[in-house]
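Fold and contact review
Okay, here's what each chain looks like letter by letter:
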Amino acid sequence: NSYDVLNIPILCVGKEDGQRIKAAIISSGSSGAIASLEVSIAGQACHRISPRGTTCSDSIPCTSTNMFCPFDKTVSKLQNINGWCNACPVDEFGNPTPLACYFELDDGVPRDVKFIEDCVTNCDAQIKFSSCKFCPDKLDALHFGIEDPSDKCLFCPNYDLKYPERIVPLFGDKVQCWSMQAFYEYVDVNRNSQNCQLAQSMNYICGCGGVGYAGANTDAKKEVLVWMPRAMAMFSIFGSFFILYDTIRTPLKQKKLLNQMLATLSFFDIVGSIAYAFTTLPIPEENYLYGSKGNDKTCMAQGFFIQIGTIACFMNVSISVYYLLTIDYGWKNERLMNKRPWFVMPPIVVGLVFACVGIPFYDNLYLWCNNAARYWPEIPVILAILAATTIMINICLNVRKTTQASAQYTYSRNSVQISKMVFEQACWFTGAFYVTWVPYLAMQYMWSSGKAFTNYGFILYAASSVPLQGFWNFVVYARPRYLNQIHRSSRILSRAANPISSLRNSMRRLSIGSQGTIEEIARRASWLPRKETAGRDNINGNQEANQSQEGPDAVVLGSDDADDAIPPSHKVTFSHFSSKRHRDQSKHETNDSPE
């Protein structure tokens, strides 16, 4: 009963040798009989039954199924054996617990390399994780062993574990901080491995110093990581509110399909931006992130509404199709309005479907709660970016082709100006799309592939860019008006600075003939309205108003009115051409002198 302290030399023999010894003793009738034995070295110890079980070693493994040799270092030092055969770990319900092969949960036995390898091999202890950006693919055979002791991974590099009882969610909900620290102390894992980087990215939960979550290793960095995206989301909310108000403030604007799509885009962007603005607040408090005060339900709600906000991203594709049909195929607003459900409903349906499908996957992503599954949540956004980019490239190529083909006409200069403005606006439109989503998608991809867990600068940039979609939409929307205002201001300043030169140029343009009168001069200088063409000018004015709703002016994002869209020197509509041709024809017929 005191096997642990016995120090008596013993000889273990096999069953057949033991039977021969027993037979020799019986036949001789005395204890001094000699039996012939066949001896072979089997290892440091033989199997034996003790109060703790069957012993085992490197050479004598456990022979029973669902058993493994724990290789207890304490026992090895006392008795030159490795331990006792243990049953594969199970939970209180008898279900296998592979995690116990790796981490010391509640049995008090440290896990070293031999312990883990034997337990994993004999118990088939493969840990498979759900689709998680911050989880290993599986945990079955860690790459143990390091060449340089300085390459050893430590969970708490500074040995400053403050909260040993907290749960580290990397490997489920049973591994505590002290167990993680013990694992990396006993096992040689390279510090550059994915498992080491994942573990160290969560050591902030245990109060350890080091890289911190998302590279925020100081309180100041954690505050910036929370408040910078929150401030950017506020800018986005403001920009989307402006677009939403401006596109529906008059009945005339409400009748335009482009404005309806912009209003829909802005509404869903506001929803997503509000969800982004909460940042870490809805994250469960037990994740110990800066500012986290929520629970599982608030986390799920935030993730759901962030996904609802991606409808704005999908709506950009519909706007690109609108550009294509308007510029390349000449569709008018009336024809486009007949197809309105096909522009508005698909983005909403796709966004709602993916928001609902992601409900089981909404989890903490350090910055906010979102779909934590790998890769597939980003696929719809990537496809939307590719579709919008392809459409806009096609538009730009067609505009360039049309511009070159129309260069032979007298109005080619105005046509080139319009084509240039449409091209620039399309580039701005696509550029806003890329600035918003590309950095965030890159960060999500790197997280899914086990990289950039602690790249603070890149994470902060990506987290600050994705809530800005509404702001960049506002910039693109207001850009034509800003350029128009700059043009007007420059003309006013130019005339104020050179009044004599401006008057001289005006007089040169009059081209006064010998038959001219004061009234004719005034009409030619546009000082008085033309009496004989007042009716035509009124008709042409109505044509220009209609053209501003349906023609080239309307295809510029944010240009609801012609005056807001294109500077006066750049504007040209088909009504200008028809009016000019009509006046020329009238002059021909009445034999008036040319102006």
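The structure we're discussing is the one just above.
These remarks concern the structure in this document. Just so you know, these numbers come straight off a predicted model, no measurement behind them. (Residues numbered from 1 in each chain as written. Predicted model: local features only at pLDDT ≥ 70, side-chain atom pairs only at ≥ 80, totals over all residues. Heavy atoms only, no water.)

Let us look at the packing of aromatic side chains. Counting across every chain of the model gives 18 aromatic pairs. Relative to F474, the ring of F238 has its centre 5.9 Å away and its plane inclined at 65°; by these criteria the two rings are edge-to-face. With F238 in helix α6 (residues 219-248) and F474 in helix α16 (residues 469-497), the pair connects residues that are 236 residues apart, well separated along the chain. By relative accessible area, which is 53% here, F238 ends up exposed. Ring centres 6.4 Å apart and planes at 80° place the aromatic pair Y322 and Y323 in the edge-to-face group. Grouping residues by exposure puts Y322 and Y323 together as buried. Within the aromatic cluster, the residues linked to one another by ring pairs are Y204, Y213, Y366 and W447. The residue whose ring lies beneath R166 is Y163, and the NZ or CZ to ring-centre distance is 3.7 Å. (Phe/Tyr/Trp six-rings, centres within 6.5 Å; stacked < 30°, edge-to-face > 60°. Helix = DSSP H or I, 4+ residues; strand = E, 2+ residues; numbered from the N terminus. Buried < 20%, exposed > 50% of the residue type's maximum accessible area, 1.4 Å probe, protein only. Lys NZ or Arg CZ within 6 Å of the ring centre and 35° of its normal.)

Within the largest apolar cluster, 75 residues are counted, with the highest numbers of intra-cluster contacts made by F103, F155, M180, L225, Y366, W437 and W447. When neighbours within four sequence positions are excluded, M180 is seen to be in contact with F103, F155, V168, L170, F171, V175 and A199. (Core = buried A, V, L, I, M, F, W, Y, C linked by side-chain atoms within 4.5 Å. Contact = heavy atoms within 4.5 Å.)

So, on to empty space enclosed by the protein. The tally for this structure, following the rule as stated, stands at 6 cavities of 30 Å³ or more. Its volume calculated, the largest cavity comes out at about 100 Å³. Around the largest cavity sit 13 residues that line it, and Q307, N370, P377, E378 and Y440 are the ones nearest its centre. The space that makes up the second largest cavity amounts to roughly 90 Å³. The set of elements that each furnish at least two residues to the lining of the second largest cavity consists of α8 (257-277) and α9 (296-309). Take the lining of the second largest cavity: its biggest share by element is 4 residues, from α8. Across the lining of the second largest cavity, the residue classes break down as 6 nonpolar, 6 polar and 1 charged. (1 Å grid on protein atoms, 1.4 Å probe; cavity = no way out; pocket = protein on both sides within 12 Å on 5 of 7 lines; lining within 4 Å. Points joined across faces, edges and corners; volume = space filled by probe spheres on them. Nonpolar A, V, L, I, M, F, W, Y, C, P; charged D, E, K, R; others polar.)

Relative to the elements of secondary structure, T280 occurs in the loop between α8 and α9. Taking relative accessible area as the criterion, T280 reaches 2% and is therefore assigned buried. At a separation of 2.6 Å, a polar atom in the side chain of T280 contacts the main-chain carbonyl oxygen of Y290. Residue contacts for T280: discarding those within four places in its chain leaves V226, R230, Y290, G291, S292, K293, Y366 and L367. (Polar contact = N/O pair within 3.5 Å; in protein donor to acceptor, adjacent residues only side chain to side chain.)

All right, on to the pattern of salt bridges then. Under the counting rule described, the total for this entry stands at 5 salt bridges. The residue D151 makes a salt bridge to R191 at a minimum N-O spacing of 3.8 Å. Note that D151 is positioned in the loop between β7 (138-139) and α4 (177-186) and R191 in the loop between α4 and α5 (194-201), a separation of 40 residues in sequence. On the accessibility criterion, R191 (41% relative accessible area) is partly exposed. The partner of R481 in a salt bridge is D246, and the shortest N-O contact between them spans 2.7 Å. Of this pair, R481 sits in helix α16 while D246 sits in helix α6, and the two are 235 residues apart along the sequence. What makes D246 buried here is its relative accessible area of 4%. Residues participating in the shared-partner salt-bridge network are D246, R249, K253 and R481. (Salt bridge = Lys/Arg side-chain N within 4 Å of Asp/Glu carboxyl O.)

Bringing a nonpolar patch on the surface into the picture now. Residues M345, V349, V353 and V357 make up a contiguous nonpolar surface patch of about 320 Å² in total accessible area. Relative to the helices and strands, V357 resides in helix α12 (residues 340-357). A relative accessible area of 43% places V357 in the partly exposed class. (Patch = residues over 30% accessible without salt bridge, like charges linked within 9 Å, V, L, I, M, F, W, Y side chains within 5 Å. Areas by Shrake-Rupley, 256 points an atom, 1.4 Å probe, with all protein chains shown as cover.)

Before going further, it helps to examine the state of the cysteines. Applying the stated criterion across every chain, the model contains 6 disulfides. Covalent S-S linkage joins C101 and C119, the inter-sulfur distance amounting to 1.8 Å. Since a negative S-S torsion denotes a left-handed disulfide, the C101-C119 link at about -50° is left-handed. Of the two residues, C101 sits in the loop between β5 (86-87) and α3 (113-123) while C119 sits in helix α3, which places them 18 residues apart along the sequence. A relative accessible area of 0% means that C101 is categorised as buried. Here C299 connects covalently by a disulfide to C369, the sulfurs 2.0 Å from one another. Every disulfide takes its handedness from the sign of the S-S torsion; for C299 and C369 that torsion is -110°, giving left-handed. Of this pair, C299 sits in helix α9 while C369 sits in strand β9 (residues 369-371), and the two are 70 residues apart along the sequence. Look at C299 and you get buried, because its relative accessible area is 2%. (Disulfide = S-S within 2.5 Å.)

Function cannot be read off these values alone, since they describe shape.
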